[in-house]
Amino acid sequence: MTQRSEMGSDGPEHRGGATIDAGAELDPVHPVAPPVRHRPAGLSAAEVAERIARGEVNDVPLRSSRSTVDIVRGNVFTRFNAIIGVLWVIMFFVAPFQDTLFGFVILANTGIGIIQELRAKKTLDGLAVIGEAKPTVRRDGASGEVSTSEIVLGDLIELGPGDKVVVDGEVAEADSLEVDESLLTGEADPVVKKRGDRMMSGSFVVAGGGAFTATKVGREAYAAQLAEEASRFTLVHSELRSGISTILKYVTWMMIPTALGLIISQLVVKGDNFKDSVARTVGGIVPMIPEGLVLLTSVAFAIGVIRLGRQQCLVQELPAIEGLARVDVVCLDKTGTLTEGGMDVTELRMVDGSDESYVRKVLGALGESDPRPNASLQAIIEAYPDSEEWRCTESLPFSSARKYSGAAFSEGDGQSSTWLLGAPDVLLRPGDTALGEVDRLNEQGLRVLLLARAAAELDAPDVAAGARPAALVVLEQRLRPDASDTLRYFEEQDVAAKVISGDNAVSVSAVAGKLGLPGAADTVDARKLPTEREAMAAELDANAVFGRVSPQQKRDMVGALQSRGHTVAMTGDGVNDVLALKDADIGVSMGSGSEATKAVAQIVLLNNSFATLPSVVGEGRRVIGNITRVATLFLTKTVYSVLLAVLVVCAQVEYPFLPRHLTLLSTLTIGIPAFFLALAPNKERAKPHFVRRVMRYAIPGGIVASAATFLTYMLARSHYSGAGALAAETSAATLTLFLVAMWVLAIVARPYTWWRVGLVAAMGLAFLVVLVVPWLQDFFALKLVGTTMPWAAVAIAAVAAVVLEFAWRWVDRKFPA
């Protein structure tokens, strides 16, 4: 076959002796088109340069991350930074240097947040360039790949199955071109496109091929604006971020009246030394602010992105790391996920006495008739070379919904024939004897295609009816070497794996069985699944392997699982997976997958390694589990700070602490430990209700800490007298608060490992050094006076620790998360 039906071929095409344009207006199955002049050559180099000079370029920026300016602004201009900044400036005028340390801590925190997020941005942007769509553009008659941002107005962009439409345009060539516009219109059925039809960015090709002229590029195109948000059609919900925002909102409302009461109490009612009163007022307000909580959340996400980036995993939405950690069901497409993309033809079995040499010619011609062969057809092309004598007169591209492709040929001797190649159980009548042989091959994990001669014309709606089988093409799929270990990981982590494939159910079962998937023997043919959502969900919960699943069914199955409260991840690489990927809680695409799948997925595995998924799950669990831990530390401090201020106002006494005291306590019991705890390994499965889980510990912890501290302070007030009484009272209260806060840290650090025990011990040792080194005593204004009150402070802290243990255990029983 000297010519073939290909949109990217050089020059006119010959079908049945007529010279035609590959871009002529054609039906889904096209007859010989009327002759036209020439195939469009696209823009010339001079025209491209002219349009670039005019700014008619698709200059939509990468959507992988926010800009540097946004990162700096987001970390610097926060509500709490503004409050602390004002207090910091005040302290420069009224207090010694050591009482301004809290401001330098905030500067360091903000700097760390900016640096880590910029590192994450660099990683994301680098990976986004690797994974970016590379449309094929025809210029000066030659086709070549360019970056999306290099497309100019008027460019001729070629399309094939799986390609994403990246700009708005008008169809110039159509060869059985079918486009899915569901991401834009919500309409799931593919739209047949003919010459002159409108193309919208954000849609993608499901069958056939063609080319279109770019009519709107960059920000001018309405549909291009939607495409710019492609990965955000279904925003990942971050319970972590929304929970922290809720907590901060309530903290702000608590702070306002408490701070006002404290100011009035210290400045008006007491009427003491003005500068000292201001310093103690600021010392009461600053610890109410959980300033490091937002920072640590951002840093944890950013470092997660960096770690995954090193494994060639592109996280298109940061909260997706969190989302995958919450997943309890992962739906896997077999082809391209459990198996590698390539296949090999292992056997050709004749049916009904067909002539093998003739069948080989048919297969060779079929392979040459498709300009964009899928993996199955590529294996056939490699096994059976094309015959120069045959010419393709009509073609029917493969479609996931149809499950077969076809072509009509002029055989060179005056004879014509029409052939179909596809799923045997779709092309053959139920009960056909050949199906028994197909089942035996499928049970071995082999993929089987049927070559059948059609009795009807290729453009007939029931072209498969009455087709006569000629041969079975047996293909062997290459299993991913890491798939078995990954499935075992999910099983160990109590994540249910569901294999959902468009292939024959028996074949899918055999592949799943080879990989050791539990329940692989009980395979369900999706054509027999109930359509009612609740009944479908019951079948999905009861079984693990499903074959002959249509693209719409994949979407319905994801919805059915979600209706039962499951958090669903969907993996895939083909256009038949797009709808399900879009609707799943987390969509995971392979880097070698179609541009459409990569556009809607939140996570793209650029190395095409299914084995990367456990790392993504692990990062998510690390982030969520650790942030839950450290949030308890931060919010316990907020609770006890607010309650201490309330007690001070009610008792009409001096606030016991200066800013330097709480800076020291926060650094040793929260700041340094939280940083290490937030980045530590954590395999605990993510649990819902973040706010409730954190506050049920923070509230009793804060109540116990504030009560113990205030009791010590009031006892010290009655114990000490004279000029240095307030300093001695502050030191005793600081000792009690530090010990109780250390016990909170010790509980949060469980279960213990050697480094966690070492971390807690190091913080205690650091505080001891402050208490015994004279210049540190002076710097932090901490000096224990006598023995009676310091030991009383220790005793009160010990009782508080016991109360805390019982309180948290009672909370666990009473309010399980």
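Above this note sits the structure.
Keep in mind that this is a model prediction, so the values were computed, not measured. (Residues numbered from 1 in each chain as written. Predicted model: local features only at pLDDT ≥ 70, side-chain atom pairs only at ≥ 80, totals over all residues. Heavy atoms only, no water.)

Secondary structure assignment for the protein chain yields 27 helices and 23 strands. Residues classed as buried in the protein chain amount to 57% of the 817 residues present. Pairs at least 24 residues apart make up 73% of the contacts formed inside the protein chain by residues separated by at least 6 positions. When the accessible area of the protein chain is evaluated, it comes to approximately 32200 Å², of which 58% is carbon and sulfur surface. (Helix = DSSP H or I, 4+ residues; strand = E, 2+ residues; numbered from the N terminus. Buried < 20%, exposed > 50% of the residue type's maximum accessible area, 1.4 Å probe, protein only. Contact = heavy atoms within 4.5 Å. Areas by Shrake-Rupley, 256 points an atom, 1.4 Å probe, with all protein chains shown as cover.)

Aromatic ring pairs are described here by two measures, namely the spacing of the ring centres and the angle between the planes. One pass over the full model with this rule turns up 11 aromatic pairs. By way of ring pairs, the aromatic residues Tyr-358, Trp-390, Phe-409 and Trp-419 are connected into one cluster. (Phe/Tyr/Trp six-rings, centres within 6.5 Å; stacked < 30°, edge-to-face > 60°.)

A sheet is described by the order of its strands in space; here eight strands give the open sequence 10-23-22-21-11-18-20-19, paired in mixed fashion. Each of the sheet's edge strands pairs with one partner strand only, and the pair in question is strand 10 (313-315) and strand 19 (523-525). Along the sheet, successive strands turn relative to each other by an average axial angle of 20°, direction set aside. Here strand 10 runs beside strand 23 (residues 603-605); their pairing, made up of three bridges, is antiparallel. Note that in strand 23 the partner of Cys-313 across the bridge is Leu-605. (Pairing = 2+ DSSP bridges. Axes fitted to C-alpha atoms, helices over the stretch in contact; angles between N-to-C directions.)

Moving on, we get to the side chain of Thr-281. Among the structural elements, Thr-281 can be located in helix 8 (residues 274-285). The exposure class of Thr-281 is buried, given its relative accessible area of 4%. Each residue touching Thr-281, except ones within four places of it in the same chain, is listed here: Leu-262, Ile-263 and Gln-266.

Counting residues in each nonpolar core, the largest one holds 127 residues, and the members touching the most others are Leu-324, Ile-603, Phe-610, Ile-627 and Phe-767. Of all the elements, helix 21 (residues 613-651) adds the most residues to this core, at 15 residues. Those residues in contact with Phe-610, other than ones at most four positions away along the chain, are Leu-332, Thr-337, Leu-338, Arg-480, Asp-482, Ala-483, Thr-486, Leu-487, Phe-490, Met-590 and Leu-605. (Core = buried A, V, L, I, M, F, W, Y, C linked by side-chain atoms within 4.5 Å.)

So, on to helix 24 (residues 725-748). With 24 residues, helix 24 should reach 34 Å at 1.5 Å per residue; the first-to-last C-alpha distance of 35 Å fits that figure. In terms of residue burial, helix 24 counts as a mostly covered element, since 20 of its 24 residues are buried. (Expected span 1.5 Å × (residues − 1).)

Moving on, we get to the pattern of salt bridges. Throughout the structure, instances matching the rule amount to 24 salt bridges. Between Arg-527 and Asp-425 there is a salt bridge, and its shortest N-O distance comes to 2.9 Å. Taken as a pair, Arg-527 in the loop between strand 19 and helix 17 (533-542) and Asp-425 in helix 13 (residues 424-427) lie far apart in primary sequence, 102 residues in all. Using a relative accessible area of 45% as the deciding quantity, one classes Arg-527 as partly exposed. A salt bridge links Asp-583 to Lys-582; the shortest N-O distance between them is 3.8 Å. (Salt bridge = Lys/Arg side-chain N within 4 Å of Asp/Glu carboxyl O.)

Moving on: the environment of Pro-135. Within the element layout of this structure, Pro-135 appears in the loop between helix 4 (101-131) and strand 3 (136-139). A residue is classified by how much of its surface remains accessible, and Pro-135, at 10% relative accessible area, is buried. As for Pro-135 and Glu-158, which are separated by 23 residues in sequence, their C-alpha atoms are 7.4 Å apart. Residues in contact with Pro-135, not counting those within four places in the same chain, are Gly-144, Glu-145, Val-146, Ser-147, Thr-148, Ile-151, Ile-157 and Val-166.

Attention now goes to the pairing of strand 3. Note that strand 3 and strand 5 (residues 156-159) share three bridges and pair antiparallel. Within strand 5, the residue paired with Val-137 across the bridge is Ile-157. Here four bridges tie strand 3 to strand 4 (residues 142-145), and the two strands are oriented antiparallel to one another. In the strand pairing of strand 4, Arg-138 is matched with Ser-143.

Where helix 21 meets helix 24, the axes come as close as 10 Å, and the angle between the chain directions of the two elements is 155°. Classed by the angle they form, the pair helix 21 and helix 24 counts as roughly antiparallel. Here the hand of the crossing between helix 21 and helix 24 comes out right-handed. The segment helix 21 lies against helix 24, with Arg-629, Thr-632, Leu-633, Thr-636 and Tyr-640 engaging Leu-737, Val-744, Leu-745 and Val-748. Split into classes, the residues belonging to the contact of helix 21 with helix 24 amount to six nonpolar, two polar and one charged. (Parallel < 35°, antiparallel > 145°, perpendicular 65-115°, else oblique. Left-handed = near helix turned anticlockwise from the far one by under 90°. Nonpolar A, V, L, I, M, F, W, Y, C, P; charged D, E, K, R; others polar.)

Further remarks concern a nonpolar patch on the surface. Where nonpolar side chains cluster on the molecular surface, the patch consists of Val-89, Phe-92, Phe-93, Phe-97, Phe-104 and Leu-107 and spans about 640 Å² of accessible area. Among the elements of the structure, helix 3 (79-94) and helix 4 are those that each provide at least two residues to the nonpolar patch. The greatest single-element share of the nonpolar patch, amounting to three residues, is contributed by helix 3. Looking at the element boundaries, Phe-97 is found in the loop between helix 3 and helix 4. (Patch = residues over 30% accessible without salt bridge, like charges linked within 9 Å, V, L, I, M, F, W, Y side chains within 5 Å.)

Between helix 14 (residues 433-443) and helix 16 (residues 505-514), whose axes approach to 7 Å, the crossing angle comes to 15°. Looking at the two axes, helix 14 sits roughly parallel to helix 16. In the crossing of helix 14 with helix 16, the sense of the turn from one axis to the other is right-handed. Residue-level inspection shows Asp-439, Asn-442 and Glu-443 of helix 14 in contact with helix 16, the latter providing Val-506, Ser-507 and Ala-510. Residue composition of the contact of helix 14 with helix 16, grouped by class: two nonpolar, two polar and two charged.

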